[in-house]
Amino acid sequence: MAAVGVVSGKIIYEQEGVYIHSSCGKTNDQDSLISGILRVLEKDAEVIVDWRPLDDALDSSSILYAGKDSSSVVEWTQAPKERGHRGSEHLNSYEAEWDMVNTVPSKKKPHTNGDAPSHRNGKSKWSFLFSLTDLKSIKQNKEGMGWSYLVFCLKDDVVLPALHFHQGDSKLLIDCLEKYVVLYKSPQDKRTLLVNCQNKSLSQSFENLLDEPAYGLIQKIKKDPYTATMVGFSKVTNYIFDSLRGSDPSTHQRPPSEMADFLSDAIPGLKINQQEEPGFEVITRIDLGERPVVQRREPVSLEEWTKNIDSEGRILNVDNMKQMIFRGGLSHALRKQAWKFLLGYFPWDSTKEERTQLQKQKTDEYFRMKLQWKSVSEEQEKRNSRLRDYRSLIEKDVNRTDRTNKFYEGQDNPGLILLHDILMTYCMYDFDLGYVQGMSDLLSPLLYVMENEVDAFWCFASYMDQMHQNFEEQMQGMKTQLIQLSTLLRLLDSGFCSYLESQDSGYLYFCFRWLLIRFKREFSFLDILRLWEVMWTELPCKNFHLLLCCAILESEKQQIMEKHYGFNEILKHINELSMKIDVEDVLCKAEAISLQMVKCKELPQAVCEILGLQDSEVTTPDSDTGEDENVGMTGCPTSTFQSDSLPVLATSGTRDDNPTQISVSPNVSRLTPA
C-alpha cells in the first residue's frame, strides 16, 4: 500500500495487518478487529510512531495525536491545521529594481481542510501517533499465544490500544525502535520493556539550546555530531552512560574504557594520543619560561578610526589598526564599518568609491540568488528534497536563534525574516553545503551589527569560507582542531591532560561546541561581538581560538582535579560555564600563553605548525602598549590565516588539512569586482 500519511518524512518501518481488537471480550464480532497500518517515520530529527486503520490511510484529517495541556495531562485531540509560512511582505528591499523579489510568495505548506472527521464505521477514532520521546514502556504478549501483541504506554501512564501482529514480526518493530532508544526488561515484569530516558536535571541549564529530543543520542552523534552537539550538550552526560549500561544495576560495572571507545567511533579518525597519530611528535615536559602579564586597552574609538583614513577613504597603517582592535576590540558604533574589512568583504586598501561600486555589484548578485529560491513553485519544490530539507531546518532554527535578544524577539519579527532569507539564499550560494545546524548562530551577530540584508549576507559568506570545513560531512576541521587542542594543552600542562585521560575525557569532546560555533553559546551576545572581532584580526598567531580554549580549561583545572571530577562531572561542569566566563580575562590569558610560547626556544615542531610560527622575525603586539615589538625568534606571520575548518567561531581557522590562505588584504577575489 502507498505510504501516504499525515506525517511526511522518511519511513523506516512499515507493517500492514496490524490489528486493534476494539471488543476484546467478544467473539465472532467482525467489527471488533480493526486492521491497520503501522509506520515508524523520521521527520526533523524526531521519530514518530503512527498507526491508523487501512480505510483511513489516505485521510489526514482523521489522525489523532497525543498532546499535553498545561496540567501535563495527556489528551487525544484532533490534528490541527499546519500553519503556512509567514509571508515576506515585511521585508524591505535595498534596491528598487529588486522589489519584485520580495513580492514572490513563500511556499505554503499543505494543510487539512479543518472539517471534523466523519470517523467512517467508527474506525478512525482509533488512529494515533506519538513521538518516541513520549514513550515510557512497551508491554509484550504472554508466551504461547497464537500471535504477538504490543501495548505502548506513554509518559503520565497513558496506555494506547494494544496492537496485534496477526502475521508476526513484532520483533522487527522492536529492533527498529532500538536504533533510537535503549530498551531493557523491567525487573518487576519481564514482559515489559522500559525506555531509557536522559537525566533531565542535567539539561535544565541548556533548556534554551536547540530543543531536539535526546533519544538515540548515541546514533545521532555517530550520524551527525554537529546536530547532536548543538542539541543541548548537557544531555550527553548521564545519558551516554545510561545508554551504554542500561538501568539494570547489574550492568553498571562496565569498564570506563567503553566511553573512550564510543567517542572514538562517534568521530571516525579522531585520535588524541599523539603517539598513535601519524605526524604528531610526543610532547615531553618543556620549560616554557615565565608567562608575561598582559593588559588590554580601551576599544578603538570612532576618532581613532577616522584618523587612520585618507582623503579617498583608504585605511592607513592597517597592521597598527589590527593591533589596536586585537588589544581592545571596537566601539559598537564602528563595528558596522570595521567588520566588513575584518571579514574580507571590503579590501583594506579600497577607496570609498570602490567600496560603493562593490556594494552595488554585491547587491545585484545577492538578489539574483535570492530570486532563485523565491521563484521556486510549490510543484518544483515537491521534486527537490534537498531544498525542502534546507527550508525545514532553517525555519526550525531561525525560530529559536537568540530569541531573547530584542533584535529577534517576538512573533513576525523582521529580524527573523531576514535571518531566514539570508540562510535560504546561502543555500543557493553554496548548494553543496546548503544549511547545517549551527550556521544560524554564526549569522545572528552579523545581521545584528550590519542591520542590512545584503551586507550581512556577504560578511556571513566570508565567515563561512573560514568555517566551512567544520560543517562538512567528514568533519575534518573538527577532528583536526581537537587533535591540535590536545597537543597545545599537553604542552601547557601534561599532568592535567593525563588526569583528563584517566577520566575518559582525553578526547576533549566537551570542547566540541566551543570549536563548532566559536564560543557563541558560552559568552553573552555582546561579549561574542568583542571576542569575534578580536579573533578576526588573526593576531597574535594562527589558531588563537585554540589558545582561548586552553585559557578556559586552565582556569577550571584546579576545581576539576581537586574535586576529582569524573567523566560526567567534567561535562556538566564545562556546560555550566556558559555565560559565566569573563571575556576580557580569557583574552588576556590566551594572549599571555601565546607570548609565552613564542619566546620558548625549544617549542616542539608540532606546536610551531599549529600556531603558524616560522623561523623569521615577525611583528607581534606589545604586551603593554599595543605597539609593534620585534621578537627575534620564532613567530607567526600576521598576513595569512588558515581558515578551512572553523565552524562558527573565531577567525583563526584551526584546520591544518589543505589550509586555504586568506589574506585580509585588497585582493579577496570572491568579493571584489571583476
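Residues numbered from 1 in each chain as written. Predicted model: local features only at pLDDT ≥ 70, side-chain atom pairs only at ≥ 80, totals over all residues. Heavy atoms only, no water.

> What am I meant to see in the environment of Met424 here?
The topology assignment puts Met424 in helix α12 (residues 414-429). In this structure the C-alpha to C-alpha distance between Met424 and Lys374, which are 50 residues apart in sequence, comes to 9.1 Å. Non-local contacts of Met424, meaning those with residues more than four positions away in its chain, are made with Trp373, Leu387, Arg391 and Ile394. (Helix = DSSP H or I, 4+ residues; strand = E, 2+ residues; numbered from the N terminus. Contact = heavy atoms within 4.5 Å.)

> Even after reading the chapter, I still don't get the sheet that holds strand β6 (residues 128-131), so can you show me in this structure?
Sheets are built from strands that pair by backbone hydrogen bonding, the pairs being arranged parallel or antiparallel. Strand order in this open sheet of 9 strands is β6-β3-β2-β1-β9-β8-β7-β11-β10, and the pairing throughout is antiparallel. Looking at strand neighbours, the two that pair on one side only are β6 and β10 (183-185), the edges of this open sheet. Strand after strand, the sheet turns through a mean of 30 degrees between neighbouring axes, direction not considered. Where strand β7 (residues 135-140) and strand β11 (residues 192-195) come together, 3 bridges link them in antiparallel fashion. Each residue of the ladder has a partner; that of Lys139, found in β11, is Thr192. Here helix α1 (residues 170-177) sits on the sheet and contacts β1 (10-21), β2 (33-43), β3 (46-53), β7, β8 (148-154), β9 (163-165), β10 and β11; the angle it forms with β8, its principal contact strand, is near 35 degrees. (Pairing = 2+ DSSP bridges. Axes fitted to C-alpha atoms, helices over the stretch in contact; angles between N-to-C directions.)

> Quick question: what am I supposed to make of helix α7 (residues 318-328) here?
A turn of α-helix holds 3.6 residues, and therefore any two residues three or four places apart point the same way. The element α7 is extensively covered by neighbouring structure, given that 10 of its 11 residues are classed as buried. Regarding α7, the residues found buried are Val318, Asn320, Met321, Lys322, Gln323, Met324, Ile325, Phe326, Arg327 and Gly328. (Buried < 20%, exposed > 50% of the residue type's maximum accessible area, 1.4 Å probe, protein only.)

> What is the right way to read the environment of Phe431 from this model?
Position of Phe431 relative to the elements: it lies in the loop between α12 and α13 (439-450). When its relative accessible area of 26% is taken as the criterion, Phe431 is described as partly exposed. Phe431 has contacts with Asn384, Arg386, Leu387 and Tyr390, leaving out every residue within four places of it along the chain.

> Would you explain the pattern of salt bridges in this entry?
When the charged atoms of two side chains lie near each other, side chains of opposite charge can form a pair. Tallied over the entire structure, the rule returns 30 salt bridges. Here Arg327 makes a salt bridge to Glu591, at a shortest N to O gap of 3.1 Å. With Arg327 in helix α7 and Glu591 in helix α21 (residues 583-598), the pair connects residues that are 264 residues apart, well separated along the chain. The exposure class of Arg327 is buried, given its relative accessible area of 2%. With a shortest N-O distance of 2.8 Å, Arg513 and Glu522 are connected by a salt bridge. Judged on exposure class, the residue Arg513 and its partner Glu522 are both buried. What you see here is one network of salt bridges that share partners, running through Arg296, Arg335, Arg530, Glu533 and Glu584. (Salt bridge = Lys/Arg side-chain N within 4 Å of Asp/Glu carboxyl O.)

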